[in-house]
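Secondary and tertiary structure notes
Chain by chain, the residues:
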Amino acid sequence: MNSTFRDVRKSAFHRSQTLVYRNGFAVPRRPTVGIGQDPLLSEQLIQQQISKLSSETPYITRGSYQEQGLVEDVIPAYVALDKKVLRFYAYFEEDILCSPKEQHRVCPVVIYYYLEDDSICIFEPRVENSGIPQGERIKRQRLPRNAHGEPYLWKHLNIGMYLEVYGVKYNITQCDAFTKEFMESEGIVLNDPQPMPVDPYSQSRKITLPSHITPSNFDQMQQFIDMDRKVLRFFALLDDADALFADTRAVTIQFYLGDNTVEIREVHEANSGHDPFPILMHRQKLPKTFKATPQNFPSCVLEVSKAEVEEYYTPKDFQTGQTMKLRGRRFLLYDCDGFTKEYYQKNHPDIQMKPSEVPNKTSLVQLRKKEVPPYNGFGSLEDSLQNCLYLIPEPPKKNVLKMLENNNKVLCYSARMESQNPDDDGRLFILSYSLANDMISIYEKPTRNSGIIAGKFLKDTRIPKPGSSLENPEFYSPADFAIGATLHVFGRRFVLTDADQYVLNYLESNAGQIPHQTLLSIHQKLGVRTENNQAHDQNGDDVAEPSS
C-alpha cells in the first residue's frame, strides 16, 4: 500500500498560472514532467484529453440540433490589426526669437497611428546639415485628447484638422493610400488634401542656378565719345521749408550727357547767412525707381547698388516749371541755359522748356510756429523748456522785484495726511509757502513711538493743481489754502487744519486777491483759537485769586 505525505517544507499555496505568452500570444502552459515520467507519454495524454473534450456532446443545448453549427474562430484585435498603421503628413510652426533672418520655421512631420493599441508616434524627417535635433519627436504612446486623459482614436483624425499634443499644434495636410482606404471603409469622409507650406528660411538658403542675361545693345563708349563735355544746366530753387529755420536757396542742377550723372551746386549770395559751400550734391547717378525689396531689408544704407535700382533719371525727367524731389529734397526748376533749350528742341521737341517766374521766397516758405515737445517728467517745467529754446540751456528768468519785496516772507500752515494706509493716515505736517518764488516745502512733525523719521518731506518746489495741462500749468497759491481744503501733492493728499497769525495778516492786507471763503475759514479758525486762549487765561486768573 502506497501512502503519500504532505510536504511540510512547502510555504507557497497559490494557484499556478495556466497561460504563458509565447511570441506575443497567450498559450496554455505545458505541465512539467515529473521525475521518472516520459515526456512523450505526457504529451500524448494531454492530446487525448483535448480530443475527448471536443468529441463530448453537451448535456444542455439551446435550440434544435440542426440549427447548431460550427462557431467561427474569433480573431483578437491585436492579431487582426497587427502591423496596420495609419500614416498622416502634417507640419507645425516654430517661432524663432533670436534670429534677424527668420521669424518662424515650418517643420514637416509624419504621424503614425497604430491600430493595434491606439498608440501614436510623431516623427520629424531628418534634414542633412540642418543643425537641428530631428527624428522621433514623440515616442509611441497613447496621447491625451483632453484634460480628462481620454486618448486620441482613429476616428478623431482627419485632414485639415489641428492635432494639439503637449502644447504643439500639428496641422494635418495629407495621408497615404492605405489610410484613405481604411477611413472610407469605416464611413469617415476625409477632407481635401492641403498643400504643405514652404519654409521661408530653407527657401532662402537654396542656391539659385546662374542665369545668363543678354547684354544691352546700348554702347556706353559711343555715348561718352559723342556727348562728352555736353552738360544740361537748370536753374532751380531749393525748398527747405521742412528745416528748423525754413529758407530757400538758389542752386544749379547740371546733367552730364556723357554718363547721365547729375550734380547740384549752390549759388552763394551775399549776406545770406550760409557758408559758401559750393557743391550741394556731388556728381552721381540719381536713382528714380527702386526694385521691390523684402520687408526686412535695411533701408538705412550709405550707398545704393545697381542691383537695387530699376531706373535712373534721364533728360526726359527734367522740365522747367515743375518741382522735382531729388534725394528727399524738393527743387523748383524755373529756367535753363541756351544749350539746354537747343538740346530739347532737337532731341525732345515734345517737351517745352519755357522759363517761369521766380516766386518770392516768402511764398515758398511758410514760417511755422515752434512746437514745444511734451514734458518728459525730468526736472521742472521751466528748466526743461530751456533745453528746447537754447542750444546751451540758460537758467530760467526770475522776477527779481518780487523776490526783493517778499524776501523771507513765508506763510505757515498745519496739515494732516489722508491715506488709505492706516500707518500714513493722520501724520502731521507743516506746510510753508514762500512768497518770494511761490514754492512750497513740507516738513513732518516728530511723533513719539510712530516709527517714522521726522524732518523734510518735500523740498522747495512749485506744485501744480490736479487737472491742469502741461502746456498751461496752474500752481497752488495762497488763494487755494483754505482751512479744511485738500491739497494734492504728487499723488498724496494733505488737509489743511490750521494757520498762524501772519497768514491772516497777509491775507487781510491782500483781500482783493483772496477769495472770501478762504479768508472766512481762516478768520473762523483763528477766532475760535483766540477765544479759547482768552477763556483759558480767565480761568487761570480765577483759580489764582483764591490761592493768593
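Note: the structure precedes this text.
Residues numbered from 1 in each chain as written. Predicted model: local features only at pLDDT ≥ 70, side-chain atom pairs only at ≥ 80, totals over all residues. Heavy atoms only, no water.

Helix and strand counts for the protein chain stand at eleven helices and 22 strands. Classification of the 548 residues of the protein chain by burial places 25% in the buried group. Per element, the accessible surface of the protein chain, about 41200 Å² overall, is 52% carbon and sulfur. (Helix = DSSP H or I, 4+ residues; strand = E, 2+ residues; numbered from the N terminus. Buried < 20%, exposed > 50% of the residue type's maximum accessible area, 1.4 Å probe, protein only. Areas by Shrake-Rupley, 256 points an atom, 1.4 Å probe, with all protein chains shown as cover.)

This next bit is on the sheet that holds strand β6 (residues 135-141). Across the sheet, which stays open at both edges, the six strands sit in the order β6-β5-β4-β3-β8-β7 with antiparallel pairing between neighbours. Looking at which strands have only one partner, the edges of the open sheet turn out to be β6 and β7 (162-165). Here the average twist between neighbouring strands, direction ignored, is 30°. Inspection of the sheet shows strand β3 (residues 85-95) paired to strand β8 (residues 168-175) by four bridges, in the antiparallel sense. By the bridge assignment for β8, Tyr89 is matched with Gln174. Strand contacts of helix α3 (residues 177-185): β3 and β8, with the helix running at about 110° to β3, the strand carrying the most contacts. (Pairing = 2+ DSSP bridges. Axes fitted to C-alpha atoms, helices over the stretch in contact; angles between N-to-C directions. Contact = heavy atoms within 4.5 Å.)

Let us now look at the packing of aromatic side chains. Enumeration over the complete set of coordinates arrives at 14 aromatic pairs. Chaining the aromatic ring pairs together yields one cluster made of Phe234, Phe255, Tyr313, Phe318, Tyr343 and Tyr344. Here the basic side chain of Arg462 rests over the ring of Phe475, its NZ or CZ set 4.0 Å away from the ring centre. (Phe/Tyr/Trp six-rings, centres within 6.5 Å; stacked < 30°, edge-to-face > 60°. Lys NZ or Arg CZ within 6 Å of the ring centre and 35° of its normal.)

Attention now goes to the nonpolar core. Generally speaking, soluble globular proteins have nonpolar side chains that are buried together. One finds Tyr413, Leu431, Ile440, Ile442 and Phe481 to be the most contacted residues of the largest nonpolar core, which totals 28 residues. Only β17 (410-418), β18 (428-434), β19 (439-444), β21 (486-489), β22 (492-499), α10 (501-509) and α11 (516-547) provide two or more residues apiece to this core. (Core = buried A, V, L, I, M, F, W, Y, C linked by side-chain atoms within 4.5 Å.)

On to the pairing of strand β9 (residues 231-240), then. Across the ten residues that make up β9, a large majority, seven, are buried. Here ten bridges tie β9 to strand β10 (residues 247-256), and the two strands are oriented antiparallel to one another. Pairing of Leu238 across the sheet is with Arg249, part of β10. Note: β9 against strand β16 (residues 329-336), six bridges, orientation antiparallel. Its bridge partner lying in β16, Phe235 is registered against Asp335.

According to the stated counting rule, one finds 16 salt bridges in the structure shown. The partner of Arg330 in a salt bridge is Asp239, with the nearest N and O atoms 3.7 Å apart. Here the residue Arg330 occupies a position in strand β16, and Asp239 occupies one in strand β9, the gap between them amounting to 91 residues. With relative accessibility at 30%, the residue Arg330 sits in the partly exposed group. Arg462 is the partner of Glu382 in a salt bridge, and the nearest nitrogen-oxygen pair spans 2.8 Å. Here Glu382, found in helix α8 (residues 381-389), pairs with Arg462, found in the loop between β20 (455-461) and β21; they are 80 residues apart in sequence, far enough to count as distant. Under the relative-accessibility criterion, Glu382 is labelled partly exposed at 26%. Arg462 gets classed as partly exposed once you look at its relative accessible area, which sits at 31%. Beyond isolated ion pairs, a larger network of salt bridges with shared partners links Glu116, Asp117 and Arg140. (Salt bridge = Lys/Arg side-chain N within 4 Å of Asp/Glu carboxyl O.)

Turning to the pairing of β19, a few remarks are in order. Relative to β19, β18 is paired through six bridges, and the arrangement is antiparallel. Bridge pairing in β19 links Leu431 to Ile442. Where β18 folds back on β19, the antiparallel hairpin that results is connected by four residues, among which Asp438 adopts a positive phi of roughly 55°. Note that β19 and β20 share four bridges and pair antiparallel. Considered in β20, the bridge of Glu444 is made with Gly455.

When we look at burial in α10, the residues that qualify are Val503, Leu504, Tyr506 and Leu507. Projected down its long axis, α10 carries its buried residues within an arc of 165°, all on one side. (Arc of directions from axis to C-beta.)

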